[in-house]
Amino acid sequence: MDKNEEGKRLYTITVFTENHVGLMNQLSIIFTRRNLNLESVSASPCSIPGVHKMTLTCYSDRETLEPVIKQIEKRVEVLKAFLFTNDELIYQEVALYKVPTARLLDSENLEAIIRRHNARILEITRDNTVLEKTGHSNETEALFEELKKYDIRQFVRSGRVAVTRANVELVDQFIREQEERRNRIDGR
């Protein structure tokens, strides 16, 4: 879903940073001060050694979020932050569902449900079966709704992970430009 009830658009913010304790707290304060709610958060090392990528999603408008990006970039640990709409990204989430094995085995629809949603069975024990679904949030939510009748015991969905549709990683360009600038300054 690209828009919420208030008509705000879902934006994805990627933040390239050093991995420092407390940075997520600093970033959440920036959003809290502007009364913005983060919909999802994920963080991991990226393709650049020593650099981490945080992916945040938030319903808002571009005019509100552009100053947020500037404020994020003022943090010492932050290399660069970017703001994207869904059409500028390729993105996914992962969801896990734990349901009672007996309920699933008694159903004639189990195989059809799993196939229709392109889900995978991760583990089957006597008590529980864990399913995995990768996709957009509306897809993982659709499987959740369908599995409700099987007495879901646990459900969790990851934050968004995303890459841009651009041919190059934008932070790579930024780092290269900064190195060229530093070399020009040092060369004088």
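Here the structure is shown first, and the text comes after it.
The model shown is predicted, which means the values in this text are computed figures rather than measured ones.

Caption draft 1: Focus on a nonpolar patch on the surface. There is a patch of nonpolar side chains on the surface, built from Val-94, Leu-96, Leu-122 and Val-156 and spanning about 290 Å² of accessible area. Summarising the element assignment, Leu-122 is placed in strand β6 (residues 120-124).

Caption draft 2: Structural view of the pairing of strand β4 (residues 78-84). β4 sits mainly inside the fold: five of its seven residues count as buried. Pairing between strand β1 (residues 9-17) and β4: six bridges, direction antiparallel. Bridging across to β4, Val-15 finds its partner in Ala-81.

Caption draft 3: The sheet that holds β1, seen in detail. Taken together, the four strands give an open sheet; going across it, the order is β2-β3-β1-β4, and neighbouring strands pair in antiparallel fashion. Only two strands of the sheet have a single neighbouring strand rather than two, namely β2 (38-45) and β4. Taken over all neighbouring pairs, the strand axes of this sheet differ in orientation by 15 degrees on average, direction set aside. Looking at chain direction, β1 and strand β3 (residues 52-60) are connected through nine bridges and run antiparallel. In the strand pairing of β3, Leu-10 is matched with Tyr-59.

Caption draft 4: How the structure looks around the packing of aromatic side chains. Taken as a whole, this structure holds four aromatic pairs when the rule is applied. Ring centres 6.1 Å apart and planes at 80 degrees place the aromatic pair Phe-16 and Phe-82 in the edge-to-face group. Pair noted here: Phe-16 is in strand β1 and Phe-82 is in strand β4, with a separation of 66 residues, a long-range link. Each member of the pair, Phe-16 as well as Phe-82, is classed as buried. Measuring from ring centre to ring centre gives 5.1 Å for Tyr-97 and Phe-155, while their planes differ by 40 degrees; the resulting arrangement is tilted.

Caption draft 5: Looking closely at the layout of surface pockets. By volume, the second largest pocket amounts to about 170 Å³. Around the second largest pocket, the lining is made up of 14 residues, and of these Ser-44, Lys-53, Thr-55, Val-161 and Ala-162 lie nearest the centre. Listed by contribution, the elements that provide at least two residues to the lining of the second largest pocket are β2, β3 and β9 (161-164). Split into classes, the residues belonging to the lining of the second largest pocket amount to seven nonpolar, four polar and three charged.

Caption draft 6: Inspection of the packing of helix α1 (residues 23-33) against helix α2 (residues 62-73) at higher detail. Packing of α1 against α2 leaves a shortest axis separation of 10 Å and a crossing angle of 150 degrees. In terms of their interaxial angle, α1 and α2 are classed as roughly antiparallel. In terms of crossing hand, the pair formed by α1 and α2 is right-handed. Packed against α1, whose contacting residues are Leu-27, Ile-30 and Phe-31, the element α2 presents Leu-65, Val-68, Gln-71 and Ile-72 at the interface.

Reading the values: the criteria
- Residues numbered from 1 in each chain as written.
- Predicted model: local features only at pLDDT ≥ 70, side-chain atom pairs only at ≥ 80, totals over all residues.
- Heavy atoms only, no water.
- Patch = residues over 30% accessible without salt bridge, like charges linked within 9 Å, V, L, I, M, F, W, Y side chains within 5 Å.
- Areas by Shrake-Rupley, 256 points an atom, 1.4 Å probe, with all protein chains shown as cover.
- Salt bridge = Lys/Arg side-chain N within 4 Å of Asp/Glu carboxyl O.
- Helix = DSSP H or I, 4+ residues; strand = E, 2+ residues; numbered from the N terminus.
- Buried < 20%, exposed > 50% of the residue type's maximum accessible area, 1.4 Å probe, protein only.
- Pairing = 2+ DSSP bridges.
- Axes fitted to C-alpha atoms, helices over the stretch in contact; angles between N-to-C directions.
- Phe/Tyr/Trp six-rings, centres within 6.5 Å; stacked < 30°, edge-to-face > 60°.
- 1 Å grid on protein atoms, 1.4 Å probe; cavity = no way out; pocket = protein on both sides within 12 Å on 5 of 7 lines; lining within 4 Å.
- Points joined across faces, edges and corners; volume = space filled by probe spheres on them.
- Nonpolar A, V, L, I, M, F, W, Y, C, P; charged D, E, K, R; others polar.
- Parallel < 35°, antiparallel > 145°, perpendicular 65-115°, else oblique.
- Left-handed = near helix turned anticlockwise from the far one by under 90°.
- Contact = heavy atoms within 4.5 Å.

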